[in-house]
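Given next are the chains, with one letter for each unit.
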Amino acid sequence: MADPFLYNTGDRSHYGCLGHEVQIEHIKAYVCRPSFFTDKAVIVIHDIFGWLFPDIRYIVDLIAGHGYITICPDFFKGTDPWKTTDHWADFADWMKDHDPMKVDKEADVVLKYLKEQCDAKKIGIVGFSWGGMAVHHLMLKNPQLTAGVSLYGIIRDSEERYNLLNPTFFIFGEKDHTISYDQITLLEEKLKQYCKVAYKIKVYPGQVHGFAQLKPEDMKPADKPYIEEARKDMIDWIKMFI
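Residues numbered from 1 in each chain as written. Predicted model: local features only at pLDDT ≥ 70, side-chain atom pairs only at ≥ 80, totals over all residues. Heavy atoms only, no water.

Draft legend 1. Region of interest: the overall build of the chain. Helix and strand counts for the chain come out as six helices and eight strands. The N-to-C order of helical and strand elements in the chain reads β-β-β-α-β-α-α-β-α-β-β-α-β-α. Expected size for 242 residues packed as a compact globule is a radius of gyration near 18 Å; at 17 Å, the chain falls within 12% of this value. Along the first, second and third principal axes, the C-alpha set of the chain runs to 45 × 45 × 35 Å. Taken across its 242 residues, the chain has 53% of its residues classed as buried. By sequence separation, contacts in the chain at least 24 residues apart represent 71% of the contacts at least 6 residues apart. Counting only carbon and sulfur atoms, one obtains 52% of the accessible surface of the chain, whose full area is about 11100 Å². (Helix = DSSP H or I, 4+ residues; strand = E, 2+ residues; numbered from the N terminus. Rg over C-alpha atoms; globule rule 2.2 N^0.38 Å. Buried < 20%, exposed > 50% of the residue type's maximum accessible area, 1.4 Å probe, protein only. Contact = heavy atoms within 4.5 Å. Areas by Shrake-Rupley, 256 points an atom, 1.4 Å probe, with all protein chains shown as cover.)

Spelled out as structure tokens, the structure:
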């Protein structure tokens, strides 16, 4: 099986996080708050590399810098994330134990924490790859989430995947060989047919799977404009609804 994550996950510069870790019932989470009070929050769902991965913590801090209480829970509940040393032949078995459509309990725990401990009134959600699939699922199931952004992750094996409850933005890379152009076209056609809330689909030229979560020092110059555009679009969507 080809490695679908074409950005170099093994070579990451150290990142000094701006937030802190908390324990919320049965899960740990990384939280970053803006410097002022806000009642708006964003949940970030990590990819297969888990909640400790530097890139995802950078994204949490980035969103917090725009004025949101931002939290990345460990949706793997203490189990091992996928590692760069793991073999792709074992990926299907690993996914059976890490189903992105079995995140409802953890999402409810985090929503309760944000409302009761952080006084959040409006809560959005952003997810990358595995987390993007989880966002797609939650935006179909959980009306507490005001808006969502799914980055290169979609549910593919359900006919009931188009009736979104609240506004959702789908971001894709043109050269992502885990999600074909046909799948994106089908998503767009079906959303036009069934979706009754605001949605958006955007494909970024020349970009591979995982492109939008790189830290600045890890970006290639040719990709940087598209990475920055995708992040701005993500933040703009959040600001529009949350």
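Draft legend 2. Representation of the environment of Glu 21. On the secondary structure map, Glu 21 appears in strand β1 (residues 20–24). With a relative accessible area of 45%, Glu 21 lands in the partly exposed category. With 167 residues separating them in the primary sequence, Glu 21 and Glu 188 have C-alpha atoms 38 Å apart. Leave out the neighbours within four places in its chain, and Glu 21 touches Ala 29, Tyr 30, Trp 51, Leu 52 and Arg 57.

Draft legend 3. Main features of unusual backbone geometry. Although it is not a glycine, Lys 77 sits at a positive phi angle of roughly 55°. Structurally, Lys 77 is set in the loop between β4 (69–73) and α2 (91–96). Given the relative accessible area of 45%, Lys 77 is considered partly exposed. Despite not being glycine, Ser 129 shows a phi value in the positive range, around 60°. Take Ser 129: it is sitting in the loop between β5 (122–128) and α4 (130–141).

Draft legend 4. Representation of the sheet that holds strand β3 (residues 40–45) in the model. With mixed pairing, eight strands are arranged side by side in an open sheet as β1-β2-β4-β3-β5-β6-β7-β8. Edge positions in the open sheet fall to β1 and β8 (199–204), since each of these has one partner strand only. Strand-to-strand, the axes of this sheet are offset by a mean angle of 20°, without reference to chain direction. Pairing geometry for β1 and strand β2 (residues 27–32), over five bridges, is antiparallel. In the strand pairing of β2, Gln 23 is matched with Lys 28. Strands β1, β2, β3, β4 and β5 of the sheet are contacted by helix α3 (residues 104–117), whose axis makes an angle of about 150° with β4. (Pairing = 2+ DSSP bridges. Axes fitted to C-alpha atoms, helices over the stretch in contact; angles between N-to-C directions.)

Draft legend 5. Structural detail: the nonpolar core. Counting 83 residues, the largest nonpolar core has Ile 43, Leu 114 and Met 234 as the members making the most contacts within it. Sequence-distant contacts of Ile 43, defined by excluding residues within four places in its chain, comprise Ile 71, Pro 73, Phe 75, Val 110, Leu 111, Leu 114, Ile 123, Gly 124, Ile 125, Val 126 and Leu 145. (Core = buried A, V, L, I, M, F, W, Y, C linked by side-chain atoms within 4.5 Å.)

Draft legend 6. Representation of helix α6 (residues 224–241) within the structure. With 18 residues, α6 ought to run about 26 Å at 1.5 Å a step, and its terminal C-alpha atoms sit 26 Å apart, in line with that. Of all the positions in α6, only Ile 227, Ala 230, Arg 231, Asp 233, Met 234, Ile 235, Trp 237, Ile 238 and Phe 241 are classed as buried. Packing partners of the buried residues in α6 comprise β3, α1 (54–64), β5, β6 (147–151), β7 (168–173) and β8. (Expected span 1.5 Å × (residues − 1).)

Draft legend 7. Here's a closer look at the pairing of β4. Of all five residues making up β4, five are buried, and the element is well covered by its neighbours. Here β2 pairs with β4 via four bridges, running antiparallel. Looking at β4, one finds that Tyr 30 is bridged to Cys 72. In this structure, β3 lies alongside β4, joined through three bridges in parallel fashion. By the bridge assignment, Ile 43 is partnered in β4 with Ile 71. Handedness of the crossover joining β3 and β4 through α1 is recorded here as right-handed. (Right-handed = clockwise from strand over helix to strand, strands pointing away.)

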